[in-house]
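Structure assessment
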Amino acid sequence: DIPFIPGPASDSFFTGNMHTLAAAPSDAAAISYTKTHGGIVKLNGILGVSKHVLLISDPAALRRLFGASTGQWDSSSRNLASIKSLFGPGVSAVEGADHIRQRKFIVQALTPVQTRGMIDSVQDASQSMRRMLNKSCPGTKPVQLDMLHWARRVALDSLTMFAFGVSLHAMEKPEHAHDLLHTFDSMLEDCMGKTSEMQYFLRETAVAGIYPSLLGIAMTDMQFFRSTMGTTKRLTQFSEWVRKEREEMGSLGGGSDLLSSLYKANQAESAKSKLADHEIRALIGMVLFAGHDTVSTTLAMFLNDMARYPTVQQRLREEINAKRAEIGGDEVKFSQDDYDSMPYLNAVLKESMRINPVLGQTFRTNRAADVLPLSEPILCTDGKMWSEIAVAGGTLVVIDIMGSNLREDVWGKDAREFRAERWLDSEEKVVPREKTPGMVYGSLLNFVAGNRTCPGWRIAILELQSFICDIVEGFKISAVPGNGEIVREFHGVSILKVAGKPVKGGEVPLILEAIPGKA
Ligand code: HEM
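Here is a short report on the structure shown in this document. This is a predicted model, so every value here is computed, not measured.

Thresholds applied
Residues numbered from 1 in each chain as written. Predicted model: local features only at pLDDT ≥ 70, side-chain atom pairs only at ≥ 80, totals over all residues. Helix = DSSP H or I, 4+ residues; strand = E, 2+ residues; numbered from the N terminus. Expected span 1.5 Å × (residues − 1). Buried ≥ 20, exposed ≤ 12 C-beta atoms within 10 Å, placed from the backbone. Near = placed C-beta within 6 Å. Nonpolar A, V, L, I, M, F, W, Y, C, P; charged D, E, K, R; others polar. Core = buried A, V, L, I, M, F, W, Y, C linked by C-beta atoms within 7 Å. Contact = placed C-beta atoms within 7 Å. Pairing = 2+ DSSP bridges. Axes fitted to C-alpha atoms, helices over the stretch in contact; angles between N-to-C directions. Parallel < 35°, antiparallel > 145°, perpendicular 65-115°, else oblique. Left-handed = near helix turned anticlockwise from the far one by under 90°.

The end-to-end C-alpha distance of helix α8 (residues 147-164), which contains 18 residues, comes to 25 Å, matching closely the 26 Å that a straight helix rising 1.5 Å per residue would cover. Among the 18 residues of α8, 17 are classified as buried, and the element is accordingly described as predominantly covered. Remark: G165 follows α8 within two positions and exhibits a positive phi of approximately 70°.

Bringing the site of the ligand into the picture now. Contacts to the ligand come from 25 residues, most closely from G291, T294, T362, C454 and G456. Of all the secondary structure elements, the ones that give two or more residues to the shell around the ligand are α5 (96-109), α14 (277-308) and α21 (457-474). By residue number, the principal contributor to the shell around the ligand is α14, which donates seven residues. When the residues that make up the shell around the ligand are grouped by side-chain class, the tally is 15 nonpolar, eight polar and two charged.

On to the nonpolar core, then. Ranked by size, the top nonpolar core spans 134 residues in total, and within it L55, L299, A300, L303 and I468 carry the most contacts. With 17 residues, the single largest contributor to this core is α14. Discounting chain neighbours no more than four positions away, the residues touching L55 are A30, Y33, T34, V41, L43, V398 and D400.

A sheet is described by the order of its strands in space; here three strands give the open sequence β4-β12-β9, paired in antiparallel fashion. Each having just a single partner strand, β4 (143-146) and β9 (475-479) make up the two edges of the open sheet. Across this sheet, the average inter-strand angle for adjacent strands is 40°, counted without regard to direction. Pairing geometry for β4 and strand β12 (residues 509-514), over four bridges, is antiparallel. Considered in β12, the bridge of Q144 is made with I511.

Relative orientation of the contacting elements helix α7 (residues 119-136) and α8 amounts to 150°, with a least axis distance of 8 Å. It follows from the interaxial angle that α7 and α8 lie roughly antiparallel. The way α7 lies across α8 gives a crossing that is right-handed. In this structure, α7 contributes S121, V122, D124, A125, S126, S128, M129 and L133 to the contact, and α8 contributes W150, V154, D157, S158, M161 and F162. For the contact of α7 with α8, the per-class residue count stands at eight nonpolar, four polar and two charged.

Turning next to the sheet that holds strand β3 (residues 73-75). The five strands lie next to each other as β1-β2-β8-β5-β3, forming an open sheet whose pairing is mixed. In this open sheet, the two edge strands, each paired with only one partner strand, are β1 (40-44) and β3. Put simply, the sheet's adjacent strands are angled 35° from each other on average, direction ignored. Of the pairings in the sheet, the one linking strand β2 (residues 52-56) to strand β8 (residues 396-400) comprises four bridges and is parallel in character. Bridge pairing in β8 places I56 opposite I399.

One non-glycine residue, S26, lies in the positive phi region at around 50°. Among the structural elements, S26 can be located in the loop between α1 (18-23) and α2 (28-37). The buried category is assigned to S26, around which 20 C-beta atoms lie within 10 Å.

Another aspect to go through is α14. Helix length check: α14, at 32 residues, gives a terminal C-alpha distance of 47 Å against a target of 46 Å (1.5 Å per residue), a fit within 8%. For α14, the buried fraction is high: 29 of the 32 residues fall into the buried class.

What follows covers the environment of D338. Mapped onto the secondary structure, D338 falls in helix α16 (residues 336-340). Each C-alpha atom, one on D338 and one on K323, is 7.4 Å from the other, the two residues being 15 residues apart in sequence.

The buried fraction of β2 is high, at four of five residues. As defined by bridge partners, β1 adjoins β2 across five bridges and the pair is classed as antiparallel. Bridged to L43 within β2 is V53.

Another aspect to go through is the pairing of strand β7 (residues 385-391). In the sheet, strand β6 (residues 370-379) pairs with β7 via six bridges, with the strands oriented antiparallel. The residue of β7 that forms the bridge with L372 is I389. Linkage of β6 to β7, two consecutive antiparallel strands, is achieved through a turn of five residues, within which G383 is found at a positive phi near 85°.

Okay, the packing of α8 against α14 next. Two quantities define a packed helix pair, namely the angle between the helix axes and the distance between the axes. Direction vectors running N to C along α8 and α14 enclose 140°, while the axes themselves pass 8 Å from each other. In terms of their interaxial angle, α8 and α14 are classed as oblique. For the crossing formed where α8 meets α14, the hand is right-handed. From α8, M147, L148, A151, R152, A155, L156, L159, A163 and F164 reach across to α14, where they touch I284, V287, L288, G291, H292, V295, S296, L299, A300 and L303. Tallied by class, residues from the contact of α8 with α14 come to 15 nonpolar, three polar and one charged.

Here is the structure:
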C-alpha cells in the first residue's frame, strides 16, 4: 500500500513535496528523489488535494499503467481541467469516449504515409531559416544569436504549414506572427509551473475545484487569470483565421496538411462520431500548442549540446556532408529515407532527447483501484519486501520521464553521460524491449506511451532531422564564453534559461559562424 512506500520527508505543510518538484530546475528534485528511493517514490501531496502522490520510473509499473485497458489510467483531472480552461474541449482536455473519438482523427491524419507527404512544408520552413541565419551571420564573422528564438520561428512556420496549410511567415516577417509567438511564452510562464509556494498552492487547490476555480484564481493571482483569458482569446482568433483563410483559398479538405485530412475524414463520419465545430476549433489550438514549443525547445537544447560537444558536432557535419555528396549536391533535397539513413544524426538526436526531455514529467490518475508490479522488489517502511503495490482509485501519479530515461539498469552505468555512441548498435541491443514500457521512439519516454502517446512524434522527428541538417551543415556552433549552463524550468513544457540570468520567455544564446561555401 502507498503509505509504506519509501519517499522523502515533506518540505511544506501546504504543498508537501509538490512545489519542490515543480520548481527545481532541470528536474533536479525528481532526479534526486529517484536516486535516493528508487523507481517508485511516495511524495507528500498538496493539502486538501491529494495526501500522497507516486513518482514512478519503474519500467514494469509503467508498462502496466500504459498498457492497462483504456480509461483505467488516464491524464490527471488537474491536467484535463487546466488544458480545458486554456484550449477548450480538444483532444488533451477530454477523456473516455470523447478522447477516443477525437484522437482517432489526429492519429489518422499523422500516419507514416501522411507524414511523408508533409516533408515539403517542413523543408521550406527549414530552408527559409537557413537563409535568414545566413543573413544574420555575414562572412565568417562569429555572431551571437538567441537560438531558442530562431527555433520558435522555424517550428511555428513548419507547423502552421503542415498542420493547417497556411503560412505565418514567422521566419521572414516575425512581426506577423508576433502575437502567437508571445502567446505561448507568457502563457507557459504565467499559467503553469514555477511560481511562489503560496501562489502554487492556491492555483492547484483552485484548479482542483476546491473553490470556484476562475473566481478563486482571479482573487489570488491576476496574472494567471489575464494570461489564461488572453491565450484562449488569441487561440480562438487563430483558429477562426485558419478556417477563413482556407475557405478563401477554396482548399479546405484538398491539401496534404493535417487539417485537410481531418476535414475529409469528418465529412465521411456518421453524425454520432463527427467532430463538432467547437471541437475542431479546440483541436487547432491544441495542435498549435502541442506541436510548437515541444519541437522548438528540443531543437534549441540539441544545438546547445552541439556547442558543448564540438567533436560530436564535427562528426555529425561530416556525416551530413557525405550524404549530401551521395545524393548529388546542394540542389537536391534530402528525402525522409536520407534522414533516416544517417546513423550518427539519429544517434545524437536520441541522446540529446534522452538527457533533455522537453517534458520531464507528466501526470496520470487511475479511475479504479489497481495493482502495479515492480521490476525489482523494494523494501517498504513496514519492514517487508514488496514486488507489487496496491494503488487505490484516484491516486495521482507523476510519470517520471526523466527518471525513466536515466535508469542505470536500462541504460548502463554511464546513463547520465551524453554518449551518442550507445545508439550506434541496433536499438534492441542498446535497450532490450522487455526493459521498456512500450515507447514509440528509441525506447525513450519523451513521447510517453499508451492511450495518450504523442500522435505527432513522427512529424516532430522529421522536423528535427531537417532543421538540424540545415543548421549543422551551414554553421559552426559554439557556446558564449562565460555564460552559465542552460537549465530547463518546468512550466508544463520546459522553458530554457541561462542559469543565474533567467529572462522571461527563456533564451539559448549561442555563437554561430557561417561555413564558407555552405551557409
Ligand atoms: C519533440 C516534440 C514533441 C514532444 C516531446 C511531444 C510530447 C508529447 C507528450 C509527452 C504528450 C503526452 C502528454 C500527456 O499525456 O501527458 C503529447 C501529446 C500530444 N502531442 Fe506531442 N510532442 C511533440 C511534438 C508534437 C507535434 C509536432 C504535434 C502535432 C503535430 C503533437 C501533438 C500532440 C497531441 C495532439 C497530443 C495529445 C494526445 C492525446 O491527448 O491523446 N506533438 N506530446
